[in-house]
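Read off the chains here:
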Amino acid sequence: MKKLKTYFNWSTGKDAALAYYHLQKDDRYQVDQFVTSINTHHNRVSMHGLRRELLLKQVQEIGLPVTTMELPEEPTMEEYNAQMEQVVTKLKSDGYSHCGFGDIFLEDLRAYREEQLKKI
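Keep in mind the model is a prediction, meaning the values are calculated, not measured.

(A) Inspection of the environment of V88 at higher detail. Relative to the elements of secondary structure, V88 occurs in helix α3 (residues 77-93). In the structure, V88 is positioned 65 residues away from L23 in sequence and 19 Å away in space, judged by C-alpha atoms.

Below, the structure written as structure tokens:
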């Protein structure tokens, strides 16, 4: 069975690590790319505030490349959505058909992301 080409939205936190762990164990998916949003003003991961150099160390140790979404200090939803659309469009053109998140147990966030990704 051919595995589904999957990218993972890596927030650098424990929930993302756990979700990534479970995806690695699932024979249906091949995760080989991370996507992380960066607050360029502070040079930190948007979700958890981890410094960029620690993000890069994490992904180096894991062994996967990371694509960063470079966001301003206080991005609007329009700016965030535009960046996400640009990144996802590129990933789709590279053959990615699936994505993973580590924080979608929050129903409203899950619904938002599912709706936004349907549009791309």
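Picking up after the structure, the text goes on.
(B) Quick peek at the pairing of strand β2 (residues 29-39). Taken across its 11 residues, β2 has nine buried, putting it largely inside the fold. Where strand β1 (residues 4-9) lies against β2, five bridges are found, and the strand directions are parallel. Bridged to N9 within β2 is V35. Between the parallel elements β1 and β2, the chain passes through helix α1 (residues 14-25) in a crossover that is right-handed. In terms of strand pairing, β2 meets strand β4 (residues 66-71) through six bridges, oriented parallel. Across the sheet, the residue bridging to I38 is E70, located in β4. Taken together, the two bridges between β2 and strand β3 (residues 44-45) define a ladder with antiparallel strand orientation. Paired with I38 across the two strands is V45, which belongs to β3.

(C) Layout of the pattern of salt bridges. Using the criterion set out here, one finds five salt bridges in the structure. The salt bridge partner of D26 is R28, with a shortest N-O separation of 2.5 Å. The class for R28 is partly exposed, based on a relative accessible area of 41%. The closest approach of N and O atoms between E53 and R51, which form a salt bridge, is 2.8 Å. We classify E53 as partly exposed; its relative accessible area is 44%.

Reading the values: rules and limits
- Residues numbered from 1 in each chain as written.
- Predicted model: local features only at pLDDT ≥ 70, side-chain atom pairs only at ≥ 80, totals over all residues.
- Heavy atoms only, no water.
- Helix = DSSP H or I, 4+ residues; strand = E, 2+ residues; numbered from the N terminus.
- Buried < 20%, exposed > 50% of the residue type's maximum accessible area, 1.4 Å probe, protein only.
- Pairing = 2+ DSSP bridges.
- Right-handed = clockwise from strand over helix to strand, strands pointing away.
- Salt bridge = Lys/Arg side-chain N within 4 Å of Asp/Glu carboxyl O.

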